[in-house]
Amino acid sequence: MVKKIISMAIVLGLALILILPQDLLAGTTGKISGKIINEETGEVLPGVAVSIVGTKMGALTDENGEFYIINVPPGNYTLKAELIGYAPVEVTNVDVSVDLTSYIDYSLSRKALELGKTIVVTAERPLVIKDKTASLKVVEAEEIQNLPTRGYEDIVGLQAGVVRFRDNANTRQRGGHQTAANSMQLNIRGGRSSEVAYYVDGFSQQDPLSGVSTTNINNNALAEVEISTGGFPAEYGWAASGVINATTKEGTAEFAGSVEAITDNVLSDNYDYNNYSVDIGGPIPFLEEAMSGSSFFLSGERRWQGDRQPSSIIDDPLPHNSLGGWSGQGKLSLKFNDNMNLKIGGMYSFDNWKEYRHNYYFDIEHSPKYEDENYSMYAKWTHTLNPETFYSTSVSYFVTKRIRGDGVHFDDLEMYKRPNGQPSFDATGLFYSWDDINGETETIFDYVIDTTLIDSIETEPDEWEYIYDYDTTTDRMYILAGDEGHVWDDLYKRKSSYIGIDADITSQITPNHLMKLGLDFQRHTLRYYRHLFPTNPTSQDIDRYGYDEYGNETDDLDWRNEAKHPITLAFYGQDKFEWQDLVVNAGLRWDYFDSKALRVKNLQYPFDPEGGTNIVLDRTDLEDSKAETRLSPRLGVAFPISDKTVFHVSYGLFFQRPDLQNLYVGYDYYEYKVNSGGYFYPFGNPNLEPEKTTAYEFGIDHQLGDNTAFQVTAFYKDVQNLTQVATFPAQPKAYSIYFNQDFGTIKGMDFSLKMRRMHNISLDLAYTLSWANGTGSFAGTQQNIAWVSSEVPVQTAPLVFDMRHKFTGIVDIRTGRGEGPMLGNIYPLENAGVNFVFDLSSGTPYSPVRLDADPITLYSVSYTPAAPVNSRYSDWKFRIDMKASKTFHIGRANLDVYVWVLNLLDGDNVLAVYESSGSAESTYWLTTESGENWMDTYNTASDASGLTGYEKYVLKEKDPGNYDIPRQVRFGIRMSF
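What you see is a predicted model, and the numbers here were worked out from it, not measured in a lab.

**Some thoughts on the overall build of the protein chain**
Item 1. Within the protein chain, the regular secondary structure consists of ten helices and 47 strands.
Item 2. For the protein chain, buried positions account for 57% of its 977 residues.
Item 3. A sequence separation of at least 24 residues applies to 72% of the contacts in the protein chain between residues at least 6 apart.
Item 4. In the structure as shown, the protein chain presents an accessible area of about 40000 Å², 55% of it carried by carbon and sulfur atoms.

Now the structure itself:
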């Protein structure tokens with residue numbers, strides 16, 4: 001034992017010497033353990049050779065008949081046991097998952113030796129996971145293929161404790177342009193969406209600026225998805241609510257792959273949904289002999305959606321709501337010998353998508369457009385020193401980028417400029433203004449452009465969207481006519497990247513102790529650009545770092561606007577103690593975070609720390625940021641109450657790095673705004689500290705008979721130091737920045753029932769009862785209060801994603817070969833199946849406001865409360881999704897054809913309501929005296945829309961974003977070989 005500890009220390013020391021900047025690495029392998037006895041006598045059998053068929057991994061049983069095999073990649077295996085004088089036994093269908101132990105016990109028989117055959121036994125995945133010390137759900141490749149979902153985030157959204165949230169009405173509270181995604185956000189156990197960590201093949205896929213992940217993965221490339229909603233071990237850092245660990249497939253000993261196409265363009269009522277994917281894997285050509293066991297896997301996906309989020313109240317696809325994207329993954333596994341393995345992998349995803357905004361109904365082409373791009377590469381070296389010990393080191397590189405801008409001009413800053421101002425709202429203040437010149441020639445706007453464009457305009461006018469003229473006297477280009485209404489006046493860019501390495505060592509120090517020690521070091525390069533008024537050529541309202549004033553990426557900047565390079569360092573150790581059926585997961589993590597930012601010495605007098613009257617920010621007014629260190633203990637225990645009942649309890653202290661866009665600021669902008677004051681826009685505070693969550697949970701897993709089990713888990717979370725905006729009374733002008741001032745408590749219970757397949761039917765039911773309360777749901781919840789400089793109320797209320805009740809049911813009915821009703825000599829329903837997902841949930845809260853103020857006019861920015869914050873809830877939601885499929889065997893290939901239906905019953909599920917009425921259909925304001933007076937004022941059509949004020953108001957109330965999707969029917973075909 002002493003030698004093993006010394007060997008671990010040596011290897012870890014070498015890794016420390018080699019350390020470079022790196023990313024946080026999650027667990028990627030599991031363990032197989034068991035005990036082998038003599039079938040006739042019941043005595044333990046030492047010296048039995050246990051091996052994983054098709055690999056060179058294995059072990060010998062010790063004097064107690066016990067064995068273990070560590071460092072096993074997730075997957076489905078066959079385990080073989082052999083001992084001279086006994087018949088060999090193979091156990092098929094052995095599932096291995098990340099960070100879990102698969103327990104397989106054997107009995108070998110001397111009598112069976114006379115048969116001269118290998119005994120084959122089929123294992124079943126246990127209904128009660130003995131070493132699960134906290135809430136964990138594993139979804140494997142077969143389940144992923146059967147579910148009516150696409151992508152790992154959809155799978156996560158089905159789990160207990162996870163809320164899929166999209167609140168159209170509350171977008172103003174959280175700065176939706178930065179956190180917007182082309183799907184619903186995920187909130188786990190009452191935490192903010194940025195508190196969820198996303199890993200693919202063990203490497204982080206998260207943007208530290210915004211806290212979100214926009215990486216897409218081909219569904220057919222997923223081997224398994226693990227969802228941890230509490231009690232995750234010490235190897236996971238900077239995550240407070242949940243950890244999503246997706247593992248992609250590896251190549252097998254034989255070539256295999258698939259081709260898939262999905263579309264809804266078969267029926268006349270469709271939303272132009274299209275998805276095409278291909279994947280292939282197998283042994284690496286020409287290396288079968290030199291590097292036996294080496295493999296490759298490649299996958300790619302192309303997706304196009306004419307309407308990425310349809311609304312159930314709109315018959316046709318929403319305009320300007322499309323998505324086009326690509327993604328690809330690749331992985332090489334190079335086995336140099338039985339003990340040395342190198343994995344090289346990479347991923348890429350790109351999405352170009354548009355966002356329908358109802359305010360732009362008459363000016364839809366100018367509603368925002370987004371581009372999300374992600375790519376990563378990694379190399380991971382694993383060396384098995386002996387059957388009990390292995391270590392890994394890895395090098396990784398990750399980049400994530402986002403651009404958001406006007407739907408027409410996008411990131412072309414010059415095309416935004418409007419020296420004479422741009423139109424804002426129509427006369428009623430309900431919609432952004434649009435061009436209504438009806439083909440007449442008149443000057444609308446003018447702006448300076450590069451004169452080299454003139455010849456192109458004059459000679460090829462058909463290539464231009466608008467009618468232009470050039471005035472040589474003023475050197476200006478004039479837009480004479482065209483669809484040029486209100487321009488989205490907020491250009492946003494971000495780019496985050498990291499490069500680094502990781503080192504860890506794992507050793508089964510004794511048959512009872514599996515220990516892991518590791519370190520993480522990561523260095524990021526962060527760039528940010530937000531031009532709040534690009535239509536104004538003289539505007540200085542540009543918060544930036546790592547970009548020049550025109551939005552070009554550059555490193556040629558001084559301290560005011562240079563790119564940011566935060567670093568994090570972590571050491572962790574964890575021990576998995578297994579004795580009989582008792583399992584203890586204990587760990588300790590030490591985190592170090594240095595934002596490498598400059599911070600103002602005196603927030604009240606930022607330009608003169610001594611309290612003077614200087615109005616210029618100097619480098620001497622700033623000081624280096626303070627590095628933060630945190631210690632996080634983690635403890636989880638699972639022990640049996642009976643042979644079919646396991647009790648578990650866990651405790652953990654978790655720290656969440658604040659979203660770094662709330663920590664950094666460009667100091668040109670800082671100086672400008674503190675001097676000028678004016679409109680409300682909060683910016684980063686380099687004094688922010690990590691957010692803190694203390695979490696507890698305990699639960700019982702009990703098996704009912706041979707095929708059914710249920711789980712009950714209670715959880716409680718105390719959350720402190722959450723980020724929230726507030727106005728600081730500084731000189732010469734007050735300004736709004738972020739502080740660590742929010743807190744909250746989350747409590748609840750998860751109930752689940754799982755039935756293994758019986759008579760062709762399997763069930764997976766889950767129900768969550770929870771209460772999520774806090775002082776702020778997002779970092780910008782108090783923005784209106786900060787704007788008017790009123791006192792921030794220090795009281796808790798339900799968070800906007802507090803979903804009191806959530807029930808999810810998954811019913812899978814499936815037949816095998818020769819099963820189902822018989823028609824003549826055939827079984828028409830053999831190899832067929834249908835999967836139903838039932839989703840029933842209560843509504844989310846909203847804050848009632850008085851009826852006497854119109855809540856949907858674009859002039860409205862603050863309302864008069866009619867009841868406490870988030871004191872009322874919207875209606876319940878119910879939805880059924882379905883996927884029905886049939887498989888045809890064609891030689892070695894399988895042909896799957898299926899129908900995939902979302903919202904099978906075509907229900908109108910409400911996502912958001914108007915705070916004045918609690919209804920998604922009407923504000924009820926027109927029934928008030930002020931509403932009636934307003935209708936009298938706008939009782940005739942006054943613009944090109946041809947609508948009266950009343951007709952416009954009713955149109956504005958019918959916001960598609962208030963409702964979930966309608967029924968969608970998609971057809972798919974998948975050929976696998």
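**Notes on unusual backbone geometry**
Item 1. Across the junction of glutamine 731 and proline 732, the peptide omega takes the value 10°, indicating a cis bond.
Item 2. With respect to the helices and strands, proline 732 occurs in the loop between strand 37 (708-728) and strand 38 (735-758).
Item 3. Residues other than glycine seldom take positive phi values, yet tyrosine 924 does so here, at roughly 70°.
Item 4. When you line up the elements, tyrosine 924 lands in the loop between strand 46 (893-902) and helix 9 (929-937).

**Brief notes about the sheet that holds strand 16 (residues 242-248)**
Item 1. Strand order in the open sheet formed by five strands is 10-15-16-13-14, with mixed pairing between adjacent strands. The two strands at the open ends of the sheet, each matched to only one other strand, are strand 10 (136-140) and strand 14 (203-204).
Item 2. In terms of strand pairing, strand 10 meets strand 15 (residues 222-228) through five bridges, oriented antiparallel. Residue valine 138 lies in a different strand from strand 15, and its bridge partner there is glutamate 226.

**Some points on the sheet that holds strand 6 (residues 89-96)**
Item 1. Taken in spatial order, the five strands line up as 3-2-5-6-9 in an open sheet, and their pairing is mixed. Strand pairing shows two members of the sheet lacking a second neighbour, strand 3 (58-60) and strand 9 (119-122), which therefore form its edges. For this sheet, the mean angle separating the axes of adjacent strands, direction not counted, is 20°.
Item 2. Two elements, strand 5 (residues 75-82) and strand 6, share six bridges in a ladder whose sense is antiparallel.

**A closer look at the nonpolar core**
Item 1. In this structure, Leu660, Leu663, Tyr664, Tyr667, Tyr670, Phe683 and Tyr735 are the most contacted members of the largest nonpolar core, which totals 37 residues.
Item 2. At the level of secondary structure, the elements contributing two or more residues to this core comprise strand 28 (513-531), strand 32 (598-600), strand 35 (645-656), helix 7 (667-676), strand 37 and strand 38.
Item 3. In contact with leucine 660, other than residues within four places in its own chain, are Pro208, Leu209, Leu526, Tyr545, Pro566 and Phe593.
Item 4. Among the nonpolar cores identified, the runner-up in size contains 24 residues, and Tyr152, Ile217, Ala221 and Val225 belong to it.

**Looking at the side chain of aspartate 541**
Item 1. When you line up the elements, aspartate 541 lands in the loop between strand 28 and strand 29 (542-545).
Item 2. Buried within the structure, aspartate 541 lacks any salt-bridge partner; lysine 673 is the closest side chain of opposite charge, at an N-O distance of 4.1 Å.
Item 3. A polar contact is formed between the side chain of aspartate 541 and the side chain of serine 539, at a distance of 2.8 Å.

**Quick look at the confidence of the model for the protein chain**
Item 1. The pLDDT averaged across the protein chain works out to 87; a share of 89% of its residues lies at or above 70.
Item 2. This model gives residues 1-25 a pLDDT under 50, and the stretch forms 71 contacts once residues within four places in sequence are excluded.
Item 3. Overall, residues 478-483 carries pLDDT values under 50, and its contacts beyond four positions in sequence, including any with other chains, amount to 37 contacts.

**Side note on a nonpolar patch on the surface**
Item 1. On the surface, Val259, Val278, Phe888, Ile890 and Met975 cluster together into a nonpolar patch covering about 410 Å² of accessible area.
Item 2. Tracing the backbone through its elements, the reader meets valine 259 in strand 17 (residues 256-263).

**Focus on the environment of methionine 340**
Item 1. You can see methionine 340 is positioned in strand 21 (residues 340-354).
Item 2. For methionine 340, a relative accessible area of 25% puts it in the partly exposed group.
Item 3. Apart from residues no more than four positions distant in its own chain, methionine 340 is found in contact with Leu334, Lys335, Trp381, Thr382 and His383.

**Brief notes about the pattern of salt bridges**
Charged atoms that come close allow side chains of opposite charge to pair.
Item 1. All told, the structure shown has 50 salt bridges when counted by the stated rule.
Item 2. Two residues, aspartate 764 and lysine 137, come together in a salt bridge whose shortest N-O distance is 2.9 Å. You can see aspartate 764 sitting in strand 39 (residues 761-774) and its partner lysine 137 sitting in strand 10, a full 627 residues away along the chain.
Item 3. Its relative accessible area of 23% is what places lysine 137 among the partly exposed residues.
Item 4. Glutamate 373 is the partner of lysine 401 in a salt bridge, and the nearest nitrogen-oxygen pair spans 3.2 Å. One end of the pair, lysine 401, is in strand 23 (residues 389-405); the other, glutamate 373, is in strand 22 (residues 369-386), and 28 residues separate them in sequence.
Item 5. By relative accessible area, which is 26% here, lysine 401 ends up partly exposed.
Item 6. By sharing partners, the salt bridges in this structure join Arg150, Glu260, Glu301, Arg303 and Asp351 into a single network.

About the thresholds
- Residues numbered from 1 in each chain as written.
- Predicted model: local features only at pLDDT ≥ 70, side-chain atom pairs only at ≥ 80, totals over all residues.
- Heavy atoms only, no water.
- Helix = DSSP H or I, 4+ residues; strand = E, 2+ residues; numbered from the N terminus.
- Buried < 20%, exposed > 50% of the residue type's maximum accessible area, 1.4 Å probe, protein only.
- Contact = heavy atoms within 4.5 Å.
- Areas by Shrake-Rupley, 256 points an atom, 1.4 Å probe, with all protein chains shown as cover.
- Pairing = 2+ DSSP bridges.
- Axes fitted to C-alpha atoms, helices over the stretch in contact; angles between N-to-C directions.
- Core = buried A, V, L, I, M, F, W, Y, C linked by side-chain atoms within 4.5 Å.
- Lys, Arg positive; Asp, Glu negative; His and termini not counted.
- Salt bridge = Lys/Arg side-chain N within 4 Å of Asp/Glu carboxyl O.
- Polar contact = N/O pair within 3.5 Å; in protein donor to acceptor, adjacent residues only side chain to side chain.
- pLDDT = per-residue confidence, 0-100.
- Patch = residues over 30% accessible without salt bridge, like charges linked within 9 Å, V, L, I, M, F, W, Y side chains within 5 Å.

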